[in-house]
Amino acid sequence: MNRVCEILGIEKPVIQGPMAWISTAPLVSAVSNAGGLGVLGVGFAPEPFIREQIEATRSMTDKPFGMNVIMLPENLEHVTKIVVDMKPPVMYADTIAGLDPALCKKYFDIWHEAGCKIVVKASFIADAKIAAEAGCDVMIVKGWEGGGHVTFEATTVLVPQAVDLLDIPVVASGGLADGRGFAAAIAMGAEGFEMGTAFMAASENVVHPNVKKAVIEAGDMSTVITGYCTDEPCRQIKNKLADEMIAIEDNNTKEKAAELLRPVAESSLKKAMMEGDMVGGAVMAGQITALVNEERPALQIIDDAIAGAKEILAHVNEFQF
């Protein structure tokens with residue numbers, strides 16, 4: 001049996017990446033009901049909202065699902081109280097560069113004691129190693145092709161390194177939306193696949209229609225990276241906001257740019273996701289948005305990608321060298 005499925009108790013080795021304002025109960029439950037792992041994007045959300053979303057998800061599916069947390073000390077205490085109380089099946093730890101081994105060990109032990117499986121997403125091999133040594137069950141490595149927070153290496157570089165280093169199953173993330181990406185990830189040694197941007201166009205998610213339209217209409221050069229000056233760069237669809245952020249970085253020192261950028265970026269994600277502001281709001285989509293061309297149910301997104309990968313792999317030995 002596929003190790004990702006076995007560990008997480010799911011039917012298909014597909015994880016839905018957590019996205020703020022998008023990965024709420026309707027989408028998460030749809031992905032889980034489709035056989036994958038839906039993940040609530042509640043990393044910076046207040047406690048009442050997190051509890052509400054866990055309850056809502058449980059009312060819509062009896063399948064495993066996860067909730068994400070950002071591995072920062074100020075986030076972990078209140079989230080862990082919720083974990084102990086409500087026992088979500090999977091904890092999904094989002095990392096920013098430089099994991100603290102002691103912090104990981106402390107909270108991974110608590111979450112395991114509560115009965116949770118632990119998935120970690122890393123963009124640096126050093127962080128993947130730290131998380132694995134601290135006891136996580138499944139490792140996602142995300143390349144810079146993905147939307148939202150990005151780093152500096154591609155998925156095609158990160159996955160083979162992680163597979164060579166780790167004994168736990170590795171899931172590929174960043175630049176995956178169809179069977180071709182799945183087949184490539186398998187060839188690199190991945191045992192599962194994470195998609196985020198593909199689910200931004202899922203019919204079940206309740207994001208503003210303008211966001212789905214922007215993702216579906218985006219082309220191959222539609223995304224840019226902003227926020228390098230903050231050491232937490234993000235990939236988003238190019239618009240007036242992104243142009244303004246890039247100009248701030250181009251015309252100021254790193255320290256000054258970071259100071260000026262924060263108020264510009266504040267609440268920009270909510271402006272897009274909830275209000276549909278495509279001028280001053282941030283749509284954090286990955287480069288794979290160029291291949292996301294229509295709105296589809298989560299089940300179809302997952303099953304089409306799996307079927308495509310199976311078709312490719314069935315004929316791969318016909319390649320002529």
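Shown above is the structure to which this text applies.
Trainee: What should I look at first to understand helix α14 (residues 298–314) in this one?
Mentor: Count 3.6 residues to each turn of an α-helix, and residues three or four apart come out pointing the same way. For α14, with 17 residues, the first-to-last C-alpha span of 24 Å sits near the 24 Å given by 1.5 Å per residue. Along α14, the positions that sit buried rather than exposed are A298, I301, I302, A305, I306 and A309. Taken down its axis, α14 places every buried residue within 115° of arc, on the same side. For α14, the exposed residues lying more than 90 degrees away from the buried face are K310 and A314.

Trainee: Help me understand the pairing of strand β11 (residues 234–237), please; the structure alone is not making it clear to me.
Mentor: Along β11, one buried face is formed by C234 and Q236 and the opposite face, lined by R235 and I237, is buried too. Sheet analysis places strand β7 (residues 148–149) next to β11, joined by two bridges and oriented antiparallel. Note that in β11 the partner of G148 across the bridge is R235. Two strands pair when backbone bridges link them, and strand β10 (residues 223–226) and β11 are joined in this way by four bridges, in the antiparallel orientation. Across the sheet, I225 pairs through a bridge with R235, a residue of β11.

Trainee: In this structure, what is going on with the nonpolar core? I would like to understand it.
Mentor: It is characteristic of soluble globular proteins that their nonpolar side chains tend to be buried jointly. By size, the foremost hydrophobic cluster in this structure holds 81 residues, and its most contacted members are F108, W111, M139, F182 and F199. Within the second largest apolar cluster, 13 residues are counted, among which are Y92, V138, I140 and V171.

Trainee: It is not clear to me how the pattern of salt bridges should be interpreted in this structure. Could you clarify?
Mentor: Note that side chains of opposite charge can pair when their charged atoms are close. In total, this model carries 16 salt bridges according to the counting rule given. Its salt-bridge partner being E77, residue K106 comes within 3.8 Å of it at the nearest N-O pair. One end of the pair, K106, is in helix α5 (residues 101–113); the other, E77, is in helix α4 (residues 73–86), and 29 residues separate them in sequence. By relative accessible area, which is 43% here, K106 ends up partly exposed. The residue K256 makes a salt bridge to E259 at a minimum N-O spacing of 3.7 Å. A residue pair is termed a helical-turn pair when its members lie 3 or 4 positions apart in one helix, as K256 and E259 do in helix α12 (residues 254–265) at three residues. Relative accessible area serves as the criterion here: at 36%, K256 is assigned to the partly exposed category.

Trainee: Looking at this model, I keep getting lost on the packing of aromatic side chains. Mind explaining?
Mentor: Within a pair of aromatic rings, the relevant descriptors are the distance that separates the centres and the angle that separates the planes. With the rule as written, the count across this model stands at five aromatic pairs. When the ring of Y107 is compared with that of W111, the centres are 6.2 Å apart and the planes differ by 40°; the resulting orientation is tilted. Taken as a pair, Y107 and W111 lie in helix α5 at a separation of four residues, close to a single helical turn. The rings of Y107, F108 and W111 are connected pair by pair, giving a single aromatic cluster. The ring of W144 carries the charged tip of R235 above its face, separated from the ring centre by 4.8 Å.

Trainee: Would you mind going over the environment of N252 with me for this structure?
Mentor: Secondary-structure assignment places N252 in the loop between α11 (240–250) and α12. The sequence separation of N252 and C229 amounts to 23 residues, and the corresponding C-alpha distance is 9.7 Å. Among the polar contacts made by the side chain of N252, one reaches the main-chain carbonyl oxygen of I248 at a distance of 2.8 Å.

Here is what the cut-offs are and how they apply
- Within each chain, residues carry numbers counting from 1 in the order of the written sequence.
- Where local features are concerned, this predicted model is filtered to residues with pLDDT of at least 70; where side-chain atom pairs are given and counted, the filter is 80 or more; whole-chain, interface and lining totals use all residues.
- Note that water and hydrogens are dropped before the side-chain values are worked out from all heavy atoms of the structure.
- A run of H or I in DSSP counts as a helix once it spans at least four residues, and a run of E counts as a strand once it spans at least two, with each numbered from the N terminus.
- To estimate the expected span of a helix, subtract one from its residue number and multiply by 1.5 Å.
- For the exposure calls, accessible area comes from a 1.4 Å probe over protein chains only, and a residue counts as buried if that area is under 20% of its type's maximum, exposed if over 50%, partly exposed in between.
- When we speak of the arc, we mean the arc of directions from the helix axis to the C-beta atoms.
- Following DSSP output, two strands are said to pair if at least two bridges run between them.
- The criterion is simple. A nonpolar core is a set of buried Ala, Val, Leu, Ile, Met, Phe, Trp, Tyr and Cys residues joined through side-chain atoms within 4.5 Å.
- Every case where a carboxyl oxygen of Asp or Glu lies within 4 Å of a side-chain nitrogen of Lys or Arg is listed as a salt bridge.
- What counts as a ring pair is set by centres within 6.5 Å for rings of Phe, Tyr and Trp (its six-membered ring), and what kind of pair is set by the plane angle: stacked under 30 degrees, edge-to-face over 60, tilted for all other angles.
- Here, over-ring charges are defined by two tests on the NZ atom of lysine or the CZ atom of arginine: distance to the ring centre within 6 Å, and angle to the ring normal within 35 degrees.
- Polar contacts here mean pairs of N or O atoms no more than 3.5 Å apart (in protein, one a potential hydrogen donor and the other a potential acceptor; neighbouring residues in sequence count only if both atoms are side-chain atoms).

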